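# Report on the structure
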Amino acid sequence: MMMKSPLALAAVLVCALAFSTACQDDEVKIDRSPLPMVAAPPYICGHVPLKAVELMTGVRDPLVRGYFDLKLAGGLGAGSCAAYRRDGDRLKVLQVILTPGGYPGKVEEQLEDGALSVPEIVPGAIGYYFKDTTSKNNATYAMLVRGKAQIGIQLEIGAEGRDNAADVLALMKLIAPKLITDASAPSPSPSAKASPGKTPSPSPKG
């Protein structure tokens, strides 16, 4: 068997190393672009911006299941939207859930346990978000409650190398104004309904 010269062998090793490095660069390339600040089409399930989903999960053109009906529950709306990988076991990477059963107490409990508070997105709403530090898949969660309307975001598999907590907060900012309807607005208190200076005075006794 003919032996290769040292120079030829060195050239082969250099080429192999260059090819391997290029492959590694492709594998670890991370898109750290922030999520859009304004919701824009295309949408999945009619209300969730596809671009945001692709960035925060790292999955391009995900499989999608679900829908939202904003006329259900007296106008509070309900529904679910889930995104999945197309390859392998088609794992679920993200789910957004809208339910007409908001419970502010759950938000307060999470905040007391160390979750971060969601800044005001929809007037009168409170929420939290946090990254699961025990998760190997960058799982991150967020919830927003106003009245009896509740939106939950479950990032089951977040893109490696991104700020996953910032991603779920950014997604909440994009979808909450669309999914939280006027039907969930708190009713004004009786005192708020009365205009200043318009309180009727008692009738004089004759």
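### Side note on the nonpolar core
With 41 residues, the main nonpolar core has Leu94, Ile151, Ile153, Leu171 and Ile175 as its most contacted residues. Residue assignment for this core shows that the elements contributing at least two residues are helix 2 (50–57), strand 4 (78–84), strand 5 (92–99), strand 8 (140–146), strand 9 (149–155) and helix 5 (164–179). Ranked by the residues each element gives to this core, the list is headed by helix 5, at ten residues. Those residues within four positions of Ile175 in sequence are excluded, and the remaining contacts are His47, Val48, Pro49, Val96, Ile151 and Ile153. Ranked by size, the runner-up nonpolar core spans five residues in total, among them Val107, Ala115, Met143 and Val145.

### Here's the deal with the environment of Arg85
Checked against the element boundaries, Arg85 lands in the loop between strand 4 and strand 5. Linking Arg85 and Gly58, residues 27 residues apart in sequence, is a C-alpha distance of 9.5 Å. Other than its neighbours up to four places away in sequence, Arg85 contacts Val59, Leu63, Arg90, Leu91, Val93 and Ile157.

### Considerations on the packing of aromatic side chains
In this structure the tally under the stated criterion is two aromatic pairs. For the ring pair Phe130 and Tyr141, a centre distance of 5.7 Å and an interplane angle of 45° mean the geometry is tilted. On the criterion of sequence distance, the pair formed by Phe130 in strand 7 (residues 126–131) and Tyr141 in strand 8 is long-range, its members being eleven residues apart. In this structure Phe130 comes out as partly exposed when scored by relative accessible area, which is 27%.

### Topic: the side chain of Arg146
Positionally, Arg146 belongs in strand 8. Despite its burial, Arg146 pairs with no opposite charge; the closest candidate is Asp182, at 4.7 Å N-O. Within polar-contact distance, the side chain of Arg146 engages the backbone oxygen of Thr181 at 2.9 Å.

### Looking at helix 2
With seven of eight residues buried, helix 2 lies mostly within the body of the structure. Looking only at helix 2, the buried set comprises Leu50, Ala52, Val53, Glu54, Leu55, Met56 and Thr57. Tucked into the core, helix 2 has its buried residues touching strand 1 (43–44), strand 2 (48–49), strand 4, strand 5, strand 9 and helix 5. In the segment just after helix 2, Gly58 is the residue with positive phi, at about 75°.

### Observations concerning the confidence of the model for the protein chain
Put simply, the protein chain has an average pLDDT of 84, and 77% of its residues get 70 or more. Across residues 9–28 the pLDDT falls below 50, and counting only partners more than four positions away or on other chains, this stretch makes one contact in the model. When the criterion is pLDDT under 50, residues 189–206 qualifies, and its contacts beyond four places in sequence or with other chains add up to one contact.

### Observations concerning the pattern of salt bridges
This structure, assessed with the given rule, holds three salt bridges. Linking Asp61 and Arg86 is a salt bridge whose minimum nitrogen-to-oxygen distance equals 3.5 Å. Here Asp61, found in the loop between helix 2 and strand 3 (63–69), pairs with Arg86, found in the loop between strand 4 and strand 5; they are 25 residues apart in sequence, far enough to count as distant. Taking relative accessible area as the criterion, Asp61 reaches 46% and is therefore assigned partly exposed. The shortest N-O distance in the salt bridge between Asp167 and Arg162 comes to 2.8 Å. There is no split in this pair, since Asp167 and Arg162 are both buried.

Parameters at a glance
Residue numbers run consecutively from 1 along every chain, following the written order of its sequence. Restriction of local features to residues with pLDDT of at least 70 applies here, the model being predicted, together with a cutoff of 80 or more for giving and counting side-chain atom pairs; totals for whole chains, interfaces and linings are based on all residues. Derived side-chain values reflect all non-hydrogen atoms in the structure, with water molecules and hydrogen atoms excluded from consideration. The term nonpolar core refers to a set of buried residues drawn from Ala, Val, Leu, Ile, Met, Phe, Trp, Tyr and Cys, joined through side-chain atoms within 4.5 Å. A 1.4 Å probe rolled over the protein chains alone gives each residue an accessible area, and that area as a share of the maximum for its type sets the label: buried under 20%, exposed over 50%, partly exposed in between. By definition, any uninterrupted DSSP run of H or I lasting at least four residues is a helix, any uninterrupted run of E lasting at least two residues is a strand, and each is numbered from the N terminus. In this description, contact between two residues means that some pair of their heavy atoms is separated by no more than 4.5 Å. To pair, rings of Phe, Tyr and Trp, with the six-membered ring standing in for Trp, must have centres within 6.5 Å; the planes then decide the type, stacked if under 30 degrees apart, edge-to-face if over 60, and tilted in the middle. Only four residue types enter the tally: Lys and Arg on the positive side, Asp and Glu on the negative side, with His and both chain ends excluded. Note on definitions: salt bridges are taken to be side-chain nitrogens of Lys or Arg within 4 Å of carboxyl oxygens of Asp or Glu. Definition of a polar contact: a pair of N or O atoms within 3.5 Å, with one able to donate and the other able to accept a hydrogen when the atoms are protein atoms, and with sequence-neighbouring residues admitted only if both atoms are side-chain atoms. pLDDT expresses, on a scale from 0 to 100, how confident the predictor is about each individual residue.

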